[in-house]
Amino acid sequence: MTEADLAGLGVHRIAIPIPFAAAGGPVNVYAVEARGGGLVLFDAGLGSDEAQAALAAGLARLGRRLDEVERIVVSHGHVDHFGAARFVQERAGRDLPVHVHAADAPKVLEGGRGFAVERPAYAAHLARLGVPAEVEAAVARSAGRTFALARRLAEVAPLAEGDVIEGRAVRLEVLHLPGHTPGLVALHEPRRRLLLPADHLLERISPNPLIELDPDGVQRFRPLRAYLASLARTRALAVDLVLPGHGAPFAGHAAVIDGLLGFYGKRQARLAALLAGGPRTAWELCAALFPAAHPSDAFLTVSETVANLEVLEDRGEVARADEDGRWRFRLARG
Ligand SMILES: [Zn+2]
Ligand SMILES: [Zn+2]
């Protein structure tokens, strides 16, 4: 199926430029022609002037306008996916509903959550992982810049597994696929064998499993464990074409998933090999895995390290011990 075939089904991809090199290219907004003639947007893109102009121009190329948008379905609570939702509401001249899964709603709502607004809890958590204070400061600056690229919403509408978006020629079923974030949703069209997985499945890069703290400052969500379970579910879906959150459509979702499973397996083997040399903090392991990473990317690299350690913990291969308020990871056997 080509993009022209997709257009025939009333599904249009609008690529929006974003300033994050690690994201895998421009973010995609999907405009779906609804039954009644209006539009449903799957994601809204970033809230920068440039991105918002690109969204309006993308709709104009389709001969459509922002005030034809009936509602927005947000795949997950990252700024590049929901950032322009408020702009669309304003241009539409009404509070059109913005649907977000309950588990990601706090990241989208005004007065909500995330690194920039909960820095003390995240700083304490990173300290426990052995992250130096100056690196935490760089992470906080980077988070502040990132969060400025979205305007949060006063309210959101519900979105859950089993919801259906009726398009002119497609019937998109909502799947809850936690991992990249706790509340990520994908859209699946079983009859047309289409999958819109947002950042859950990208062709060339692995989605970052990110540390996410509960309101009490404790990390309970284990992103990679959840992600691997969601991947297994995704692999079994009837899919011919993937319309991802970043980059061009691609086929062969099972092969991409198998590649990801191999990638994480290798990363876990490398961590186990490093721990064979003795106990380490997550930050020490992170520095060994990503020696060239910039401090402002440390939240991504530490999250990736911890997420893989958690999978090893779940398998009983690694254990952590609290030493003076800092975790040390060690091999549990041998
Ligand atoms: Zn994301
Ligand atoms: Zn993204």
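Every chain begins its residue count from 1, and numbering advances along the sequence as written. The order in which chains are written sets their letters, starting at A; the order in which ligands are written sets their numbers, starting at 1. Thresholds applied to this predicted model are a pLDDT of at least 70 for local features of residues and 80 or more for the giving and counting of side-chain atom pairs; totals over whole chains, interfaces and linings are not thresholded and use all residues.

Draft legend 1. Expanded view of the sheet that holds strand E6 (residues 164-166). The mixed open sheet is built from five strands, whose spatial order is E6-E7-E8-E9-E10. Single-partner strands in this sheet number two, and they are E6 and strand E10 (241-244). For this sheet, the mean inter-axis angle between neighbouring strands, taken without regard to orientation, is 25°. Two strands qualify as a pair provided that DSSP identifies no fewer than 2 bridges between them. Strands here mean DSSP runs of E at least two residues long; helices mean DSSP runs of H or I at least four residues long; both are numbered from the N terminus. A fitted line through C-alpha atoms serves as each axis, taken over the contacting stretch for helices, and the angle formed by two N-to-C directions is quoted from 0 to 180°.

Draft legend 2. Inspection of helix H11 (residues 298-314) at higher detail. Over its 17 residues, H11 extends 24 Å from the first C-alpha to the last, a length consistent with the 24 Å expected when each residue adds 1.5 Å. Working definition of burial: number of other C-beta atoms within 10 Å of the residue's own, with buried at 20 or more, exposed at 12 or fewer, and partly exposed in between, all C-beta atoms being placed from the backbone. Listed in full, the buried residues belonging to H11 are Ala298, Phe299, Val302, Ser303, Glu304, Thr305, Val306, Ala307, Asn308, Leu309 and Val311. Expected span of a helix, by definition, is 1.5 Å for each gap between consecutive residues, and there is one gap fewer than residues.

Draft legend 3. Summary view of the environment of Asp216. The residue Asp216 is located in the loop between strand E9 (194-198) and helix H8 (223-235) in this model. Between the C-alpha atoms of Asp216 and Ala121, which are 95 residues apart in sequence, the distance is 8.2 Å.

Draft legend 4. Here's a closer look at the sheet that holds strand E4 (residues 69-73). What the five strands build is an open sheet, ordered E1-E2-E3-E4-E5; its pairing is mixed. Every other strand in the sheet has two partners, leaving strand E1 (11-16) and strand E5 (98-99) as the edge strands with one partner each. In terms of strand pairing, E4 meets E5 through two bridges, oriented parallel. Pairing of Ile72 across the sheet is with Val98, part of E5. In this description, a residue-residue contact is defined by the distance between C-beta atoms placed from the backbone, which must lie within 7 Å. Contacts between helix H4 (residues 85-92) and the sheet are confined to strand E3 (39-42), E4 and E5, with E4 contributing the most and set at about 170° to the helix.

Draft legend 5. Up close: the environment of Leu109. Note that Leu109 resides in the loop between helix H5 (105-108) and helix H6 (119-128). Taking C-alpha positions, Leu109 is 20 Å from Ala51, a pair spaced 58 residues apart along the chain. Among residues more than four places away in sequence, those in contact with Leu109 are Arg152, Leu153 and Val156.

Draft legend 6. Spotlight on H8. The first and last C-alpha atoms of H8 sit 18 Å apart over 13 residues, in line with the 18 Å expected at 1.5 Å per residue. Buried positions along H8 lie against E9, helix H9 (253-275) and H11.

Draft legend 7. Summary view of the packing of H8 against H11. At a minimum axis distance of 7 Å, the contact between H8 and H11 shows a crossing angle of 75°. As summarised for this structure, H8 and H11 are arranged roughly perpendicular, according to the angle between their axes. Along the contact surface, H8 presents Pro223, Leu224 and Arg225, while H11 presents Ala307, Asn308, Glu310, Val311 and Asp314. A per-class count over the contact of H8 with H11 returns four nonpolar, one polar and three charged. Roughly parallel means an angle under 35 degrees; roughly antiparallel, over 145; roughly perpendicular, 65 to 115; everything else is oblique. We call Asp, Glu, Lys and Arg charged. Ala, Val, Leu, Ile, Met, Phe, Trp, Tyr, Cys and Pro are nonpolar, and the rest, Gly among them, are polar.

Draft legend 8. Geometry of the environment of Leu126. The topology assignment puts Leu126 in helix H6. Residues Leu126 and Phe299, spaced 173 residues apart in sequence, show a C-alpha to C-alpha distance of 8.7 Å.

Draft legend 9. Representation of unusual backbone geometry. We note that Asp43 has phi near 75°; this positive angle belongs to a residue other than glycine. Relative to the helices and strands, Asp43 resides in the loop between E3 and helix H2 (49-61). Given 27 C-beta atoms within a 10 Å radius, Asp43 is considered buried. At Arg193, a residue that is not glycine, the phi angle is positive and equals roughly 55°. Structurally, Arg193 can be placed in the loop between strand E8 (185-189) and E9. Under the C-beta neighbour-count criterion, Arg193 is labelled partly exposed, with 15 such atoms within 10 Å.

Scope: geometric values only; no functional claims are made or implied.
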